[in-house]
Structures are given as C-alpha cells and as structure tokens.
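# Examination of the molecular architecture
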Amino acid sequence: MKKFGILLKAVVIVLALMGAAFFTAFLLYARTYDTHVAELINDALPFHLLIATCCYAELVLFWGVAGQIGRDNSFSPENRRAFRRMALVALVFAADFSGMLIFFAARGRLIVIRLIYLAGMGMLSLIFAAICETLSRLIYHAWLVKHENDLTI
C-alpha cells in the first residue's frame, strides 16, 4: 500500500504543478493581452481565483487521503473527514459556477456556449460532491466493519 500512497502523492504534485502553470498562464494572458477573452477573465477574476483556491484545497485534502492509504489505513475516520470536506469544497465550486452564470447574465454577457459550460461545470461539481460524500459514507461503514472485526479477534 505504501507504493500506492507514494504514487497518489506524485499525482497530486503533478496536478499542483500543472495547475500552477495553467493559472499563471491564465492570469498573464488576462493581464497582457487586450482581447475580449482577457476582458472576460478580468471581469470575473474573483470567481477564477476562488476556483484556483478550491482546486488546491481539493489537492491538499487528497494529499491526506494518499498519506492514509500509504500507511495502509484506507478505511479511517481521517479519510472519511477528508472526503466530506472534499464534498463541501465541491459544493463551493458549484456555487462559484452558479455565481459566474448569474454574473454574466446580469451583465448581458451570457452567450449559449458560456451558459452550457458554466451549467455543465456546476453539474460536474455537484456530481463530484455526491461521489465524495458517498465515498465518505462507504469508508465509514468499512471502518466500522474493520473496527468490529478487530474487537472480535
């Protein structure tokens, strides 16, 4: 299990580096170029910064899960809490995408493709939240079974 924990932590590091490169390029583009896309990025900058913050929050929480897996403690209260928190962060994602949708609609800048994208990302965030909450409950029930078996032995 230690190998899986190390592999998962390597994935988290790669994703964090990719995210840093993406968000840096994203912000540099918005600050450097005078285009319609750069204007949209700058207009909704607080929403984008919240997305970046949530992405890193999810990675930090999953780092803890990877650590527990590496210690052969997959079914633990710590992992249950981590997945519950990941579900809550995913709900913040969904709220952020909904907020962006309302923001662009209020400014008269909600075109069909943006509507589809923001609604789709909001739905994906809700699905991810449901998956994380489900995993949280499954981990808890597996921990209970493991705990009962440990007491019987």
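Look a little higher up for the structure.
The paragraphs below set out a description of the structure included in this document.

The rules we used
- Residues numbered from 1 in each chain as written.
- Predicted model: local features only at pLDDT ≥ 70, side-chain atom pairs only at ≥ 80, totals over all residues.
- Heavy atoms only, no water.
- Helix = DSSP H or I, 4+ residues; strand = E, 2+ residues; numbered from the N terminus.
- Buried < 20%, exposed > 50% of the residue type's maximum accessible area, 1.4 Å probe, protein only.
- Lys, Arg positive; Asp, Glu negative; His and termini not counted.
- Salt bridge = Lys/Arg side-chain N within 4 Å of Asp/Glu carboxyl O.
- Phe/Tyr/Trp six-rings, centres within 6.5 Å; stacked < 30°, edge-to-face > 60°.
- Lys NZ or Arg CZ within 6 Å of the ring centre and 35° of its normal.
- Patch = residues over 30% accessible without salt bridge, like charges linked within 9 Å, V, L, I, M, F, W, Y side chains within 5 Å.
- Areas by Shrake-Rupley, 256 points an atom, 1.4 Å probe, with all protein chains shown as cover.
- Axes fitted to C-alpha atoms, helices over the stretch in contact; angles between N-to-C directions.
- Parallel < 35°, antiparallel > 145°, perpendicular 65-115°, else oblique.
- Left-handed = near helix turned anticlockwise from the far one by under 90°.
- Nonpolar A, V, L, I, M, F, W, Y, C, P; charged D, E, K, R; others polar.

This next bit is on the side chain of aspartate 96. With respect to the secondary-structure elements, aspartate 96 resides in helix α4 (residues 77–106). At 13 Å, arginine 114 is the nearest oppositely charged side chain to aspartate 96, a buried residue that forms no salt bridge.

Below, the discussion takes up the pattern of salt bridges. If you walk through the whole model with that rule in mind, you get five salt bridges. The partner of aspartate 43 in a salt bridge is arginine 107, with the nearest N and O atoms 3.3 Å apart. A residue pair is termed long-range when its members are at least 10 positions apart, and aspartate 43 in helix α2 (residues 36–43) and arginine 107 in the loop between α4 and α5 (112–152) qualify at 64 residues. Among the salt bridges present, the one from glutamate 133 reaches arginine 137, with a minimum N-O distance of 3.1 Å. Pair noted here: glutamate 133 and arginine 137 are both in helix α5, with a separation of four residues, about one helical turn.

This part is about the packing of aromatic side chains. Both the distance between ring centres and the angle between the ring planes are used here to describe each pair of aromatic rings. For the structure shown, the criterion picks out seven aromatic pairs. Measuring from centroid to centroid gives 5.6 Å for phenylalanine 22 and phenylalanine 26, while their planes differ by 25 degrees, and the two rings are stacked. Within this pair, phenylalanine 22 and its partner phenylalanine 26 are both found in helix α1 (residues 2–32), separated by four residues, close to a single helical turn. Overall, the relative accessible area of 48% leaves phenylalanine 22 in the partly exposed class. Ring plane angle 25 degrees and centroid distance 6.2 Å describe the contact between tyrosine 140 and tryptophan 143, whose orientation is recorded as stacked. With tyrosine 140 and tryptophan 143 both in helix α5 and three residues apart, this pair spans about one turn of that helix. Under the relative-accessibility criterion, tyrosine 140 is labelled partly exposed at 29%. In this structure an aromatic cluster arises from ring pairing among Phe22, Phe23 and Phe26. Lying over the aromatic face of tyrosine 140, arginine 80 brings its terminal NZ or CZ to 4.2 Å of the ring centre. A cation over an aromatic ring shows up here: arginine 114 above the ring of phenylalanine 104, its NZ or CZ 4.7 Å from the ring centre.

Taken together, the side chains of Met1, Phe4, Leu7, Val11, Val14, Leu15 and Met18 define a hydrophobic patch exposed on the protein surface, amounting to about 670 Å² of accessible area. Judged by its relative accessible area of 52%, methionine 18 falls in the exposed class.

The next thing to look at is the packing of helix α3 (residues 45–70) against α4. In the contact formed by α3 and α4, the axes pass within 9 Å of each other and the chain directions differ by 165 degrees. With respect to each other, α3 and α4 are oriented roughly antiparallel. α3 and α4 meet at a crossing whose hand is left-handed. When the residues that make up the contact of α3 with α4 are grouped by side-chain class, the tally is 20 nonpolar, five polar and four charged.

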